[in-house]
Structures are given as structure tokens and as C-alpha cells.
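Observations on chain architecture
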Amino acid sequence: NLFEQSVVLGESLKRTLQENLNNHPFVGDIRGKGLLIGIELVENKETKAPLDVERVNAVIGYCKKKGVIIGKNGVTVANFNNILTLSPSLSISVEEKDLIANTVIEAVNSIK
């Protein structure tokens, strides 16, 4: 039942992230399907100008130090690689999902 589990855990993960980060000044959008989730980091919520790559990379580095590996979108369009990407294994546990959520929330809240 991996696919069904990915829907349930993915919706739970996305909801937790949205509840905790939607009002963050550097979060433009949180979207996803199943366990594939993207968090758009922006300089300004109104203009949606992308957050600079150094701060995006700092969030990724923070997560890595805590044992959570996340990525970001590529540089297909110059200066628009500001989407954090989460794509955990379909077989993650509820505890692992919570670790991912808590770590990403801490990391985004650490942006200066």
C-alpha cells in the first residue's frame, strides 16, 4: 500500500508545513502531490521575487546537518532556483515524516 500511504503521509506533511510556514515572510507557496512537495522561497510575498540562492542553500545545509536531505529545483531559468524539494521514500514512517516536517520548519525559520 505504498501509493496509498504516500497520499496520506504526503497530505499530512504538506498540511503541517502549510500550517507552520504559510505566514512566513520568505515562503511564497507550498505545493505538492503525495510525498513530492515544493516550498517556494521568496524575497517578497507580493512580488514573488525569488530568495537569493545563498539563503536557499543555507536552508538545505541546515537540514543536512540535522540528517534530513532535501533538494532544490535546478537553474533552468537563471536566478529561479528557489524551490525546496522534498521527495522522501514512499516507505517512510510517521516518525520520519514528522522529523522531515520539524527540520524543514526549523530550517526555514532560521533564514536571516
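Further up the page is the structure itself.
If you're wondering where the values come from, they're calculated on a predicted model, not measured in any experiment.

**Focus on the sheet that holds strand 2 (residues 36-41)**
On the basis of which strands lie adjacent, the open sheet formed by 4 strands has the order 1-2-4-3 and antiparallel pairing. Unpaired on one side and paired on the other, strand 1 (27-33) and strand 3 (71-72) mark the two borders of the sheet. As paired elements, strand 1 and strand 2 share 6 bridges and run antiparallel to each other. By the bridge assignment, Val27 is partnered in strand 2 with Leu41. Against the sheet, helix 1 (residues 2-21) engages strand 1, strand 2 and strand 4 (83-86), with an angle of about 170° to strand 1.

**Re the packing of helix 1 against helix 3 (residues 94-109)**
At a closest axis distance of 10 Å, the pairing of helix 1 and helix 3 adopts a crossing angle of 25°. It follows that helix 1 is roughly parallel to helix 3 by the angle criterion. The element helix 1 and its partner helix 3 pack so that their crossing is right-handed. Across the interface between the two elements, Leu9, Ser12, Leu13, Thr16, Leu17, Asn20 and Leu21 of helix 1 pack against Val94, Lys97, Ile100, Ala101, Val104, Ile105, Val108 and Asn109 of helix 3. Per-class residue counts for the contact of helix 1 with helix 3 are 10 nonpolar, 4 polar and 1 charged.

**Overview of the pattern of salt bridges**
The tally for this structure, following the rule as stated, stands at 7 salt bridges. Close ionic contact of Asp52 with Arg55 constitutes a salt bridge, the shortest N to O distance being 2.7 Å. Across the salt bridge formed by Lys66 and Glu106, the nearest N and O atoms sit 4.0 Å from each other. Here the residue Lys66 occupies a position in the loop between helix 2 (53-65) and strand 3, and Glu106 occupies one in helix 3, the gap between them amounting to 40 residues. Since its relative accessible area comes to 47%, Lys66 is described here as partly exposed.

Rules of the game
Residues numbered from 1 in each chain as written. Predicted model: local features only at pLDDT ≥ 70, side-chain atom pairs only at ≥ 80, totals over all residues. Heavy atoms only, no water. Pairing = 2+ DSSP bridges. Helix = DSSP H or I, 4+ residues; strand = E, 2+ residues; numbered from the N terminus. Contact = heavy atoms within 4.5 Å. Axes fitted to C-alpha atoms, helices over the stretch in contact; angles between N-to-C directions. Parallel < 35°, antiparallel > 145°, perpendicular 65-115°, else oblique. Left-handed = near helix turned anticlockwise from the far one by under 90°. Nonpolar A, V, L, I, M, F, W, Y, C, P; charged D, E, K, R; others polar. Salt bridge = Lys/Arg side-chain N within 4 Å of Asp/Glu carboxyl O. Buried < 20%, exposed > 50% of the residue type's maximum accessible area, 1.4 Å probe, protein only.

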